[in-house]
Structures are given as C-alpha cells and as structure tokens.
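# Survey of secondary and tertiary structure
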Amino acid sequence: LDFPTTKSVVEYVWIGGDGPLDLRSRAKVLPKTVQGLEDIPDAGFDGFQTNQAPPDCSEVRMKPRALFQDPFRPTGLNLMVLCDCWSPDKRPLPSNTRIMAQQLFDVQPQAEPWFSVTQEYTIFKDGKPLGWPSATARSFGGPTTQLGYPGPQGPYYCSAGADVSFGRQIAEAHLKACLCAGVKISGVHGQPMPGQWAFKVGTCQGIEMGDHLTMARYLLNRVGEHFGCVVSFDPKPIPGDWNGAGCHTSFSTKAMREVPNKGEVGGFEEIRRGIINLERKHQEHIMAYGEGNERRLTGMHETAHIDTFSWGVGNCMAHIRVPKSTEIAGCGYLEDRRPASNMDPYVVTSMLFKTCCLD
C-alpha cells in the first residue's frame, strides 16, 4: 500500500545515553504535510529507557535539527529528522554533544571549516564477520561453532568476486538509502579485512558533518536489519593480524584551501600551523577520539602508535596525513587518521576546529 499524501510520517532519530552509536528512533504521524524543519514539532520520549533520565523524572524533549527524506517509506511525503536531546527545563543533556560543537563553530564562522569522514565498519552475521568460515568442533554437552579464519589480507581491499568480496549488497543498499535520504555520501569501498567496508560522507561544513554522519550510521543499522546482519563499529573487531576500523577525518579551513597572497600566511603554511597545534594537544585528542582505540593504533596495519604524534605527506602510517596533491598545490587539507570507528563526530570535528583555529 502507498502512504497517503495528506499526512506525513516523520521518523524522529536521536542519540541515546550510551554514546554516539546508541541510535534510537520513533515514528510520528503529523496531520499535515511537512514543507520544512519549521513544520516539525518538538517531541518527547521516556529517557529512563535510553539511559538519559532517572525513572522519577524520565521525560526527555527532542528538538528537530536536520531534515532528511525517508528512504524506507518512499511513497507519500515521509521524512526523517535528526534531533538533539534536552531536559524539560530546556537544558541540554550530557549526551547532547551537538550543542557544544555548534557553539564552537559559531565562534568563527568566517573560517568556513570543511570536513569529510571515511567511516569504516564490519558486518557480522551469526556472530562472525561476513566471509569468515566456521569450523564445527564437538565439546562436552554437544556441538559448538568455532570461528575459522580466512586467507590473509591482500585480495579483499576494493575487490570484486564472491570469493573475496563479502557484504557488497549491504554496502550498495546503504549507498542507495543515503542518496535517497539526502545524506552527503560520496563513496563506498571494501576494506582489507573480509567483511569490512567503508563509506565516505562529505564535504560538509561545520555542524553539518556530525548530522550527516550520524544519519548515515542510523541508515546503515536499518539496512542491516533487512539483511539480518549486525554492523560493528568496534575499532578492532578481530584481534591479530587484521586491520582495525577507523573514522579518518579530513579537515580544512578557507585559509588552508587558498594560496595566500604575497606576504600573507595561508595555504600549506596554515596547514603546518594547524599540525603544530594538533601535536601539542595530541593526548587530549586521543582521549576523545573513541573507546578502545589503543587496540587499533599500534603502529601496525596502517596506523601510527597511539603514544607518539606523527605527520607526513602522503604517509598513511602517520597520525596526520597531508595529501601529496596538497603539498604540490600549496593549499588543500589535512587528514586526521587517529579517530576510531566509534568516535563522536560532533566531538572530533569541533575539537579539530578548536585546536587548529581557536587555540
């Protein structure tokens, strides 16, 4: 059946109390069609169930912030709206990192901070990554399923073929869902470990980066439901000689993107200045860049060691990579390869902006 065109079904999406991956949603039918964000009212939910409020005062209010099309209800005038969370007396909840990021971006809007994020993730089904074999062993009490291991890394990255590419249908369905929703997704590809994929969101300016990555993560979880698969954002889902999962964040300001006039500072020198500030606050950033990141940033598998800051031109083994094209052009962007796959995009983007532009 098609949805009617006289009403709108709006899926309210928000971040729960257990971190940036605790994505929740509920649908609300509005008695009129929605033309814009201003037509969507605030809504509420039981915050005790999401670890955002005590049971004796559990009401949490949601404020609509970013509007998207609903790719799962394609007929009619149905939408998704990303919200942030507030107490009934209009105080932002601790889980509302969006409002703090917005306040930082508002300090210097003329800097025009641009971001793009490459989000890596691993697809699990029946307790193991897609493409990983199972070995059946017998133990006391009956048969048990043990995790087998595929061949070593090498043939899986950006590969094609049923023997080396696992989960393409999910990655493609997610790409389509993002495009239909209006998320600024710009690519997908297979990763070095079987069952591991990545998608890229951006370029986005300021707070838009956190909004679009959060909605892309939510849509990926919804797509996984259709395939009976679970998406893991663990930064090292399988220990051993396998790549981890990061959230590489590219960043630039207007001054970094433009070749300066004679006698002015900008372009590549502005990028160098930002890197100096990032080195000075390395440990502060590491502490905010995702839980379990020490299992990933080991100095192996295309990472630098978590304890020692490093940067380089075209060097994917450094914490901060500057593209060779940026060095040649004398302007461009830097890529922060430290954030883990489970990072909070509002925290990471606003920290990059603050460290490079405000400190």
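The sections below set out a description of the structure shown in this document. Every value quoted in this text rests on a predicted model; they were computed, and no experiment measured them.

Turning our eyes to something else, we now look at the layout of surface pockets. Its volume calculated, the largest pocket comes out at about 410 Å³. Lining the largest pocket are 22 residues, with Glu 120, His 189, Gln 191, His 248 and Arg 337 sitting closest to its centre. Secondary structure elements with two or more residues in the lining of the largest pocket: β6 (114-125) and β13 (247-252). The residue makeup of the lining of the largest pocket, split by class, is five nonpolar, ten polar and seven charged.

Glancing now at the pattern of salt bridges. For the structure on display, the rule yields 18 salt bridges. Between Lys 63 and Asp 42 there is a salt bridge, with the nearest N and O atoms lying 3.5 Å from each other. Of the two residues, Lys 63 is situated in strand β4 (residues 59-69) and Asp 42 in the loop between β2 (23-30) and β3 (43-46); the sequence distance between them amounts to 21 residues. Relative accessible area serves as the criterion here: at 24%, Lys 63 is assigned to the partly exposed category. The structure contains a network of salt bridges with shared partners spanning Glu 11, Asp 70 and Arg 73.

Within β6, ten of the twelve residues are buried, which leaves the element mostly enclosed by the surrounding structure. Bridge analysis of β6 against β13 gives six bridges, and the strand direction is antiparallel. Bridging across to β13, Val 117 finds its partner in Thr 249. Summarising the sheet, β6 and strand β12 (residues 230-232) pair through three bridges and their orientation is antiparallel. In the sheet register, Phe 124 faces β12, and the bridge partner there is Val 230. When β6 meets strand β7 (residues 128-129), the two strands line up antiparallel, connected through two bridges. Residue pairing in the sheet places Phe 124 in a bridge with Pro 129 of β7. Joining the antiparallel neighbours β6 and β7 is a turn of two residues, in which Asp 126 adopts a positive phi near 55°.

Definitions and cut-offs
- Residues numbered from 1 in each chain as written.
- Predicted model: local features only at pLDDT ≥ 70, side-chain atom pairs only at ≥ 80, totals over all residues.
- Heavy atoms only, no water.
- 1 Å grid on protein atoms, 1.4 Å probe; cavity = no way out; pocket = protein on both sides within 12 Å on 5 of 7 lines; lining within 4 Å.
- Points joined across faces, edges and corners; volume = space filled by probe spheres on them.
- Helix = DSSP H or I, 4+ residues; strand = E, 2+ residues; numbered from the N terminus.
- Nonpolar A, V, L, I, M, F, W, Y, C, P; charged D, E, K, R; others polar.
- Salt bridge = Lys/Arg side-chain N within 4 Å of Asp/Glu carboxyl O.
- Buried < 20%, exposed > 50% of the residue type's maximum accessible area, 1.4 Å probe, protein only.
- Pairing = 2+ DSSP bridges.

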